[in-house]
Amino acid sequence: MPSNAKDEHKGDKSAAPPLPAPLRVPVADSHTHLDMQSGTVAEALAKAASVGVTTVVQVGCDLKGSRWAADTAAAYGHVHAAVALHPNEAPRIVHGDPDGWSRQGAREGGGEAALDEALAEIDRLAALAHVKAVGETGLDHFRTGPEGMAAQERSFRAHIEIAKRHGKALVIHDRDAHADVLRMLKEEGAPERTVFHCYSGDADMAAICAREGYFMSFAGNVTFKNAQNLRDALAVAPLELVLVETDAPFLTPAPYRGRPNAPYLVPVTVRAMAAVRDVDEDTLATALGANTARAFGY
């Protein structure tokens, strides 16, 4: 090996980050996308378990991904499924994607009937015992333009209803849409267990979520230098409403930002969260494990 090979590898953005020191108290990754990660499910679960991440919630974003999540949860006892049409998926179903705005390739729109058909399949999957949540659903004002908002809102309202009817948790994707998401939850009546995945609000919004009893799940971006708003929110969120997630393969925590994320990196985020809250990691991990089980009903 050349003398500089180690340094070159360290700078390789495609290289998997090293295993962190194991947590002494096991936790769950409350939101991951194993179908978008390299390697097998069994390998990912074994690697995560080796550092104390013993449970994962596998989240679907479209019909194919939601079916995969349900099948994977049926096959693995430590995987729980969430099924939904992502907020950016609903407009694609209705209007198509002629200019590639969604970055998922060209696609023909199927109109309102196609959205009804897709929602009916999510409803069917949500009835399954190993599907613990409906999500990720919500609103995304970042990627979907005004012409797609009606489809997005109709889909979100339908998912709220499906979650309540089946007694499942609701997992929310909220990007640049805080006020509208909170408004629609109030209008429709939020499910008993509602999770803001990859929480992106500030401390003021955290106070609103706390009042409503909404869970706030923090991802690796809580470690980013420019994310003081997330750390401020984490500092004031009630401990019993805090979760941790990877959103892998996205949002890899510092110092590995930009490299592939996976459930085994949860301990990095847990330790950063413990520092923000000024508690020891065992105390935080104990709360995170109990909260995730309560949020998803397993």
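This part takes up helix H2 (residues 41-49). One turn of an α-helix holds 3.6 residues; hence residues three or four places apart share an orientation. Looking only at H2, the buried set comprises Val41, Ala44, Leu45 and Ala48. Looking down the long axis of H2, one finds its buried residues gathered within 95° of arc, a one-sided arrangement.

Checked against the element boundaries, His80 lands in strand S3 (residues 79-83). For His80, a relative accessible area of 10% translates into the label buried. Residues within four places of His80 in sequence aside, it is in contact with Thr55, Val56, Val57, Gln58, Ala73, His130, Lys132 and Tyr298.

This next bit is on the nonpolar core. Most often, soluble globular proteins keep nonpolar side chains buried together rather than apart. Phe156, Leu185, Phe196, Tyr199, Phe218, Met273 and Phe296 are the most contacted members of the largest nonpolar core, which has 82 residues in total. If one sorts the elements of this core by residue count, helix H5 (residues 111-126) sits on top with six residues. Setting aside residues up to four positions removed in sequence, Met273 forms contacts with Phe218, Val222, Leu234, Val242, Leu243, Val244, Leu284 and Leu288.

Counted residue by residue, strand S5 (residues 169-175) has six buried out of seven residues, so it is predominantly covered. For strand S4 (residues 131-140) and S5, the ladder comprises six bridges, and the chain directions are parallel. Within the sheet, the bridge partner assigned to Val134 lies in S5 and is Leu170. With helix H6 (residues 149-166) bridging S4 and its parallel neighbour S5, the resulting β-α-β unit is right-handed. Taken together, the three bridges between S5 and strand S6 (residues 194-196) define a ladder with parallel strand orientation. Paired with Leu170 across the two strands is Thr194, which belongs to S6. Assessed by its sense of winding, the connection that carries the chain from S5 through helix H7 (residues 178-188) to S6 is right-handed.

Quick look at the confidence of the model for the protein now. Close reading of the predicted structure is inappropriate where its pLDDT is low. For the protein, mean pLDDT is 94; residues scoring 70 or higher make up 94% of the total. Of all secondary-structure elements in the protein, the lowest mean pLDDT belongs to helix H1 (residues 5-10), at 40, while strand S8 (residues 242-244) reaches the highest, 99. This stretch, residues 1-10, has a pLDDT under 50; its non-local contacts, to residues over four places away or in other chains, come to three contacts.

With that settled, the discussion passes to the sheet that holds S6. The eight strands are arranged S1-S2-S3-S4-S5-S6-S7-S8 in an open sheet whose pairing can be described as parallel. Looking at which strands have only one partner, the edges of the open sheet turn out to be strand S1 (27-32) and S8. In this sheet, adjacent strand axes meet at a mean angle of 30° when their direction is disregarded. Pairing analysis gives three bridges linking strand S7 (residues 215-218) to S8, with the strands arranged parallel. Residue pairing in the sheet places Phe218 in a bridge with Val244 of S8.

Calculation notes
Residues numbered from 1 in each chain as written. Predicted model: local features only at pLDDT ≥ 70, side-chain atom pairs only at ≥ 80, totals over all residues. Heavy atoms only, no water. Buried < 20%, exposed > 50% of the residue type's maximum accessible area, 1.4 Å probe, protein only. Helix = DSSP H or I, 4+ residues; strand = E, 2+ residues; numbered from the N terminus. Arc of directions from axis to C-beta. Contact = heavy atoms within 4.5 Å. Core = buried A, V, L, I, M, F, W, Y, C linked by side-chain atoms within 4.5 Å. Pairing = 2+ DSSP bridges. Right-handed = clockwise from strand over helix to strand, strands pointing away. pLDDT = per-residue confidence, 0-100. Axes fitted to C-alpha atoms, helices over the stretch in contact; angles between N-to-C directions.

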